[in-house]
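# Observations on chain architecture
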Amino acid sequence: MRAAIWPVLLIGGLAAPASAQQSQAPVAVGVVKAERTSIKKTLTFVGRVEAINRVEVRARVTGYLEEVLFKEGETVKSGAPLYRIEHGLFQAAVEQAQGALERSKASQQLSQIQLARAQDLMDRSAGTVVARDQAKAADDQAKGAIMQDEANLTTARINLGYTDIASPIDGEVGKTNVTKGNVVSPDSGVLTVIVSLDPMYVSFPVSDRELLLAREAGRDIGYTDFKDYKVTIRFSNGSAYDQQGAIDFINVTVDRTTDTVLARATVPNPKGVLIDGQLVTAEVEVGRPQEKVVVPQSALIADQGGVYVFAVEDGKAVQKRVKTGGASGTGVVIDEGLAGGDLVIVDRLQAVHPGSPVRAVPMQDQLGGG
């Protein structure tokens, strides 16, 4: 668990003389009970949302753009029409290729007849081998011409098909970078982008140290691979995403520039809340939950000696040095220095000194009383 930095109260000045402390009336202070809570072990990473499928739509042929057939930002199905390029020239090319193929077939029919005649004359010793071979070569050339014209026809039909640009995947389509009336070509660049929505990937770099910590923490719950861990996503405002993901991939190489390994989680996105390219925080649960003391952040005080809190014992304020762990919701985990059930002062800390008499007022009662 990573250590975090919390705003703490700085208190300066000298403690009042003992005689003054004894004479003063107890100060009413707001307190909360330091509760022991089951805390999950987590590692936190900065991640990036990525669509599982992301397609850059481009033109495959050159032509005049007749129509844009989608609404920007809408969800489209695979095969849905996106753009239509003027297809008249391409249709003409198909018909031209078909005509050339028919001519080649007619020529081959003639060459086949001539070959049969030459073979028959040679068999009856009325023709020559040379004539037969010439007829065979002509027939082979005619067959080759047919194959070439069939290929030309296939190419023309493919190019004609490219005039109707359709979505190759289910997903959400972005803005169009070209409008009706423009000439588009393979050199026009990306016409639009389509991204799949559900599920989504969240990728984040993991240092070698963190990877080792996660694997060691997972041994006590039977995890043998980092891929077994669950992931919680938090947005930039700190709110948690309501769907939990799971790590499904750890890269096979270390990035030598950052000394990190890329990890990736798959996260459900049924409502389309996650957006391709979005920056999020990924919290990875590792190991078994542990019982820890948690106190509000407002209880923490810092001085040159470190961090401490004031607790109420026998009607007096007692200073207790603590060692903090990570955050837990709006509170702070205390690794050392407090026991469960201690009454920790969180209100009117400026009026408290070590050993000063205090009267504990539970915060909920104080708040209720205004």
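Refer to the preceding data block for the structure.
Right, let's walk through the structure included here. (Residues numbered from 1 in each chain as written. Predicted model: local features only at pLDDT ≥ 70, side-chain atom pairs only at ≥ 80, totals over all residues. Heavy atoms only, no water.)

### Some remarks on the packing of aromatic side chains
Geometrically, a pair of aromatic rings is defined through the distance of the ring centres and the angle of the planes. Enumeration over the complete set of coordinates arrives at four aromatic pairs. Seen from their ring centres, Phe45 and Phe204 are 5.1 Å apart, and the 20 degrees between their planes marks the pair as stacked. Highlighted residues: Phe45 in strand S4 (residues 42-51) and Phe204 in strand S13 (residues 200-207), separated in sequence by 159 residues. One exposure class covers both Phe45 and Phe204, and it is buried. Taking 5.4 Å as the distance between ring centres and 85 degrees as the angle between the ring planes, the aromatic pair formed by Phe70 and Tyr83 counts as edge-to-face. A residue pair is termed long-range when its members are at least 10 positions apart, and Phe70 in the loop between strand S6 (63-68) and strand S7 (75-76) and Tyr83 in strand S8 (residues 81-85) qualify at 13 residues. The exposure class assigned to Tyr83 is buried, which follows from its relative accessible area of 0%. Positioned above the aromatic ring of Tyr201, the side-chain terminus of Arg264 is 3.8 Å from the ring centre. (Phe/Tyr/Trp six-rings, centres within 6.5 Å; stacked < 30°, edge-to-face > 60°. Helix = DSSP H or I, 4+ residues; strand = E, 2+ residues; numbered from the N terminus. Buried < 20%, exposed > 50% of the residue type's maximum accessible area, 1.4 Å probe, protein only. Lys NZ or Arg CZ within 6 Å of the ring centre and 35° of its normal.)

### Let's talk about the environment of Gly245
Position of Gly245 relative to the elements: it lies in strand S15 (residues 245-250). You can call Gly245 buried: its relative accessible area is 4%. When the C-alpha positions of Gly245 and Met200 are compared, they lie 9.3 Å apart, and in sequence the two are 45 residues distant. Those residues in contact with Gly245, other than ones at most four positions away along the chain, are Lys230, Val231, Thr266, Val267 and Pro268. (Contact = heavy atoms within 4.5 Å.)

### Some details on the side chain of Thr260
Counting through the fold element by element, Thr260 comes out in strand S16 (residues 260-267). On the accessibility criterion, Thr260 (16% relative accessible area) is buried. A distance of 2.7 Å separates polar atoms of two side chains, one belonging to Thr260 and the other to Thr258. Dropping the residues within four chain positions of it, Thr260 is found in contact with Pro205, Val206, Ser207, Thr253, Val254 and Asp255. (Polar contact = N/O pair within 3.5 Å; in protein donor to acceptor, adjacent residues only side chain to side chain.)

### Some thoughts on the nonpolar core
Within the largest apolar cluster, 27 residues are counted, with the highest numbers of intra-cluster contacts made by Val202, Phe204, Val231, Ile233, Ile247, Leu274 and Val284. Each residue touching Val202, except ones within four places of it in the same chain, is listed here: Gly47, Arg48, Val49, Ile233, Ala263, Arg264, Ala265, Val267 and Val280. Counting 25 residues, the second largest nonpolar core, distinct from the first, contains Phe70, Val76, Ala80 and Val94. (Core = buried A, V, L, I, M, F, W, Y, C linked by side-chain atoms within 4.5 Å.)

### Some remarks on unusual backbone geometry
Residue Asp198 is joined to Pro199 through a cis peptide bond whose omega torsion reads 0 degrees. With respect to the helices, strands and loops of the structure, Pro199 is situated in the loop between strand S12 (192-195) and S13. The phi torsion at Ser125 lies on the positive side, around 60 degrees, for a residue other than glycine. Even without being glycine, Asp314 reaches a positive phi, approximately 55 degrees. Among the structural elements, Asp314 can be located in the loop between strand S20 (306-313) and strand S21 (316-321).

### Brief notes about the sheet that holds strand S9 (residues 164-166)
Here four strands make up an open sheet; going across it, the order is S9-S8-S6-S11 and the pairing antiparallel. Each end of this open sheet is capped by a strand with a single partner; those strands are S9 and strand S11 (183-184). (Pairing = 2+ DSSP bridges.)

### Quick word on helix H2 (residues 88-123)
Spanning 36 residues, H2 covers 53 Å between terminal C-alpha atoms, matching the ideal 52 Å at 1.5 Å per step. Among the residues making up H2, those that are buried are Phe90, Val94, Ala97, Ala100, Leu101, Ser104, Gln108, Ser111, Leu115 and Ala118. Buried positions along H2 lie against helix H3 (129-161). In the stretch just after H2, Ser125 is the one whose phi turns positive, near 60 degrees. (Expected span 1.5 Å × (residues − 1).)

Keep in mind these numbers describe shape, not what the thing actually does.
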